[in-house]
Amino acid sequence: MSKRRLPIPASFPPYVVGSVSDVDTWRALDGDVKVPCDVVELRADAFPAGVGAGVFAQTQCMRPVLVTVRHESEGGLRPMREVERETLASYLLPIASALDWEIAQMHTATDLLLAAKEDGVTLIASAHDFAKTPSLAELREKEAFARSMGADIVKFAFRLNTYEDIQVGIDLLRGATGPMAVMGMGPLGAASRLLYAQHGSKLVYGYLGATPTAPGQWSAELCLHALGSLTPAS
């Protein structure tokens, strides 16, 4: 598999990221030049522990690959010891154009993150809240820390419980100090993802196959079609 460096979009539209969370969908990508997304997210935390890591490298994905080995506390799809997560992520760096790592765990994974940066891999630092929308001040603090740790893109996903919560995401994007991706989860999440794209979010996540990987997530193909009819907010 050849690595494609992931440049950060300079303007609208953002990249559509298609998440893959099962072996069959990942294998079906082999040599497919019509994958309906700009970036394929390999959710390695979703694959059963018994699946050998070599399975990932055997597929020739025709899109840049974002490697994610999500921590259980932030939506990981199976429990993994930290050393297991870091080992798997390190193994997958040769096929990765980008690596997603949680902001809360960055301080314990400095060797992995340094190796990724030295290999030219785009670093996405993320934080997730499945219960609520954090305060703008809390999000700004996390953004500052992530950038101090070398993040190329800072990504936030949080549950929207009120219409006022939607505005927090817009304010966050308007005041971002660098490239950022923001997405809402829950019943209000689907619509917010397009709204945040119009306000400068660099990534919009959908899913490939049949299984969403977050609440309120659209299919990647639907995201592509919807973005094609939108323009950036003034």
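Refer to the structure presented above.
Here is what the cut-offs are and how they apply
Once a new chain begins, its residue numbering starts again from 1 and follows that chain's sequence as written. Local features in this predicted model are restricted to residues of pLDDT 70 or higher, and side-chain atom pairs are both shown and tallied only at a pLDDT of 80 or more, whereas totals for entire chains, interfaces and linings draw on every residue. Each side-chain value is worked out from all heavy atoms of the structure, with water and hydrogens disregarded. Paired strands, in this sense, are two strands between which DSSP finds at least two bridges. A run of H or I in DSSP counts as a helix once it spans at least four residues, and a run of E counts as a strand once it spans at least two, with each numbered from the N terminus. For every residue, the accessible area (1.4 Å probe, protein chains only) is compared with the maximum for its type, and the residue is labelled buried under 20%, exposed over 50%, or partly exposed between those bounds. The handedness of a crossover follows from its direction of travel: if, with the strands pointing away from the viewer, the path from the first strand over the helix to the second runs clockwise, the crossover is right-handed. The set of buried Ala, Val, Leu, Ile, Met, Phe, Trp, Tyr and Cys residues whose side-chain atoms join them within 4.5 Å is what this entry labels a nonpolar core. Residues are treated as being in contact if the distance between any of their heavy atoms lies within 4.5 Å. Stacked, tilted and edge-to-face are the three classes assigned to paired rings of Phe, Tyr and Trp, where Trp is represented by its six-membered ring and a pair needs centres within 6.5 Å; plane angles under 30 degrees give stacked, over 60 edge-to-face, the rest tilted. Lysine NZ or arginine CZ positioned within 6 Å of the ring centre and within 35 degrees of the ring normal marks a charge as sitting over the ring. We define a salt bridge as a side-chain nitrogen of Lys or Arg found within 4 Å of a carboxyl oxygen belonging to Asp or Glu.

**Student:** Would you explain the sheet that holds strand β2 (residues 39-43) in this entry?
**Tutor:** Whether parallel or antiparallel, the strands of a sheet pair through hydrogen bonds between backbone atoms. Strand order in this open sheet of nine strands is β7-β6-β5-β4-β3-β2-β1-β8-β9, and the pairing throughout is parallel. Two strands lie at the open edges of the sheet, namely β7 (180-185) and β9 (218-219), each paired on one side alone. Direction of pairing for strand β1 (residues 15-20) relative to β2: parallel, over a ladder of four bridges. Following the sheet pairing, S19 is matched in β2 by E41.

**Student:** Quick question: what am I supposed to make of the pairing of β1 here?
**Tutor:** Two faces make up the sheet, and in a regular strand the side chains alternate between them. Burial analysis of β1 places six of its six residues in the buried class, the great majority of the element. Judged from the five bridges that link them, β1 and strand β8 (residues 203-207) form a sheet pairing that is parallel. What sits directly across from S19, in β8, is Y207. Between the parallel pair β1 and β2, the chain is carried across by helix α1 (residues 23-28), and the sense of this crossover is right-handed.

**Student:** Which parts of the structure should I look at to understand the nonpolar core?
**Tutor:** Taken as a class, soluble globular proteins show a tendency for nonpolar side chains to be buried jointly. If you look at the biggest cluster of nonpolar residues, it comprises 61 residues, and the most contacted ones within it are W26, V40, F56, L99, W101 and F156. When residues in this core are grouped by element, the largest group, five residues, is from helix α6 (residues 163-174). Non-local contacts of L99, meaning those with residues more than four positions away in its chain, are made with L66, V67, A89, L93, L112, L113, A116, V121, T122, L123 and I124. In terms of nonpolar packing, the next biggest core, distinct from the first, is built from 14 residues, L6, I124, I153 and Y205 among them.

**Student:** Could you clarify how one ought to interpret the packing of aromatic side chains in this entry?
**Tutor:** One pair of aromatic rings is described through two measures. These are the centre distance and the angle between the planes. Taken as a whole and judged by the stated rule, the model has one aromatic pair. Judged by centre distance (4.8 Å) and plane angle (80 degrees), the rings of F47 and F56 are edge-to-face. Judged by relative accessible area, F56 falls into the buried class, the value being 2%. Positioned above the aromatic ring of W101 is the side chain of R85, whose terminal nitrogen or guanidinium carbon lies 4.2 Å from the ring centre. Here the guanidinium or amino end of K155 rests over the ring plane of Y205, the centre of that ring lying 4.2 Å away.

**Student:** Mind showing me how you'd approach helix α7 (residues 189-198) here?
**Tutor:** Think of an α-helix as 3.6 residues a turn; residues three or four steps apart then line up on the same face. The buried fraction of α7 amounts to seven of the ten residues, a majority that puts the element mostly inside the structure. Packed against the buried residues of α7 are β6 (153-159), α6, β7, β8, β9 and α8 (220-227).

**Student:** What am I meant to see in the pattern of salt bridges here?
**Tutor:** Should their charged atoms come close, side chains of opposite charge can pair. Applying the stated criterion across every chain, the model contains twelve salt bridges. Its salt-bridge partner being R78, residue E84 comes within 3.3 Å of it at the nearest N-O pair. Residue D152 is joined to K117 by a salt bridge in which the shortest nitrogen-to-oxygen separation is 3.0 Å. A residue pair is termed long-range when its members are at least 10 positions apart, and D152 in the loop between α5 (136-148) and β6 and K117 in helix α4 (residues 110-118) qualify at 35 residues.

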